[in-house]
Amino acid sequence: MSDERVEQAVRVGLGERGYDVVVGDGILGGIGGAAREVGLRGRCALISDERVAGLYGDEVEGSLRAAGYEVVRVEVPEGEASKSLGQVEACCGAMARGGLDRGSFVLALGGGVVGDLAGLVAAVYYRGVPYVQVPTTVVAQVDSSVGGKTGVNLGEGKNLVGAFHQPRLVWADVATLATLGEREYREGFAEVIKHAAIRDAAMLDGLGARVAERGGAGMVELMARNVAIKARVVEEDERETAGVRALLNFGHTAGHGIEAAGGYGRFLHGEAISLGLVVAVRLSVQVAGLAEGEAARVLGALEEFGLPMVLPEDVEIAAVLEAMGRDKKFEGGQVRFVLLRALGDAFVSEDVTVEMVGEVLSP
Ligand SMILES: NC(=O)c1ccc[n+]([C@@H]2O[C@H](COP(=O)([O-])OP(=O)(O)OC[C@H]3O[C@@H](n4cnc5c(N)ncnc54)[C@H](O)[C@@H]3O)[C@@H](O)[C@H]2O)c1
Ligand SMILES: [Zn+2]
């Protein structure tokens, strides 16, 4: 331990929409000054969920006030259900009552739920105001806070309503991960393992150490390394039109089906993605020539984090396949499934059928 401030900045190079993702240990109280440095003005809508607001809301608000910002706090209930159009309306209403106009900005403090919701609020409030992401879960720090995808769910499916809206700054403090529940901490590593599989296999080495050791320089380094992977993909394909960003869906086609079949409450996102990664890795071996030894490295990492690898018997495979059929990734009935030829070599395959997914999921 040293009292030197550990901090790394990763640039997301998107020209005039570019921004820094700052990852550090114990940097939360620096957010106000950082917002000033990137030129944010006006009042701030600090959007958070009740749990995260209770843990970190005062520190963030204090930092913003110390930097001269007026702050309007907006809190939503914790959980995926807050990613709804109803909450978009509620947040915008609270902001209007708080006197926030087109010259204000949004700060999303929390996990991916808050980030996706508050990002969409920022995209539509006064036809778009700037926003800052302050991610407080592993998923949010390595994935959802970076890249500008915002959105909410409909009864008909996840993320069906959204917008591309890049944040002005991402401020990720790994020290906040200390208060995550064990299950919520571990599930985030499904996205880390996904990143490793598609772009950076060496990241799997020593990853297991993070099960016990949440903070510190090692954690900052790991989060920044993941952010860099996501940032490079987003730079190549900001709006998911070139096929590169689609590679981030590795494990997600089956994973989203499993998430839906579990009624969204059964599995945490990363737990469903873990099961989806198992499917994607097995299919990669079957149809894309992924070596068994490489598949085993990915599966071994999931195991180290105690992530689910076998679909529980009471989750019906038919329900998973049915939900997959509704997924955006099955565009126009065409199945688009991300597979690996080798670790680090992902591609979108059209050779996978729903039946094949069913077979892999069968005991
Ligand atoms: N936009 C994108 O590119 C993208 C990418 C990946 C995932 N997502 C979305 O992210 C969402 C999942 O995000 P998530 O896994 O962060 O879930 P989440 O936001 O629901 O957070 C999980 C739980 O942890 C609590 N929490 C958050 N930070 C905490 C902390 N530091 N200490 C204690 N408790 C804390 C929250 O209150 C919540 O109950 C999904 O809706 C998914 O669709 C979006
Ligand atoms: Zn995900």
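This is a predicted model, so every value here is computed, not measured.

Trainee: How do you make sense of the packing of aromatic side chains when you look at a structure like this?
Mentor: For any two aromatic rings, the description comes down to two numbers: the centre-to-centre distance and the angle of the planes. Following the criterion strictly, the structure yields four aromatic pairs and no others. Ring geometry for Tyr125 against Tyr126: centres 5.0 Å apart, planes inclined by 75°, an arrangement best described as edge-to-face. Using a relative accessible area of 39% as the deciding quantity, one classes Tyr126 as partly exposed. Ring centres 5.2 Å apart and planes at 65° place the aromatic pair Tyr185 and Phe189 in the edge-to-face group.

Trainee: Teacher, can you tell me more about helix H9 (residues 252–261) here?
Mentor: Of all ten residues that make up H9, nine are buried, and the element is covered over most of its length. Listed as buried for H9 are His252, Thr253, Ala254, Gly255, His256, Gly257, Ile258, Glu259 and Ala260. Just downstream of H9 lies Gly263, where phi reads positive at about 70°.

Trainee: Would you explain the site of ligand 1 in this entry?
Mentor: Neighbouring ligand 1 are 26 residues, the closest being Asp49, Glu80, Thr136, Thr137 and Thr179. One nitrogen or oxygen atom from the side chain of Glu78 is found 2.8 Å from an oxygen atom belonging to ligand 1. Notes on ligand 1: free accessible area 870 Å², of which the protein chains cover 92%. Counting residues per element, the shell around ligand 1 draws most heavily on helix H2 (residues 50–66), which supplies four residues.

Trainee: Whenever I open this one, the coordination of the zinc ion (ligand 2) confuses me. Can you help?
Mentor: In the first shell of the zinc ion (ligand 2), the protein supplies Glu191 (OE), His252 (NE2) and His269 (NE2), at 2.0 to 2.1 Å from the metal. Read from N- to C-terminus, the donor residues coordinating the zinc ion (ligand 2) fall into the pattern E-x60-H-x16-H. One end of the pair, Glu191, is in helix H7 (residues 189–199); the other, His269, is in helix H10 (residues 269–288), and 78 residues separate them in sequence.

Trainee: Explain the pairing of strand E1 (residues 7–12) here, please?
Mentor: Look at any regular strand and the pattern is simple: side chains alternate between the two faces of the sheet. Sheet topology note: the E1/strand E2 (residues 19–24) ladder contains six bridges and is antiparallel. Each bridged residue has a counterpart across the sheet, and for Arg11 the counterpart in E2 is Asp20. Connecting the antiparallel pair E1 and E2 is a turn made up of six residues, with Gly15 showing a positive phi of about 60°.

The rules we used
- Residues numbered from 1 in each chain as written.
- Chains lettered and ligands numbered in written order.
- Predicted model: local features only at pLDDT ≥ 70, side-chain atom pairs only at ≥ 80, totals over all residues.
- Heavy atoms only, no water.
- Phe/Tyr/Trp six-rings, centres within 6.5 Å; stacked < 30°, edge-to-face > 60°.
- Buried < 20%, exposed > 50% of the residue type's maximum accessible area, 1.4 Å probe, protein only.
- Helix = DSSP H or I, 4+ residues; strand = E, 2+ residues; numbered from the N terminus.
- Near = heavy atom within 4 Å.
- Polar contact = N/O pair within 3.5 Å; in protein donor to acceptor, adjacent residues only side chain to side chain.
- Areas by Shrake-Rupley, 256 points an atom, 1.4 Å probe, with all protein chains shown as cover.
- Donors = N, O, S within 2.8 Å, 3.2 Å for Na, K, Ca; no water.
- Pairing = 2+ DSSP bridges.

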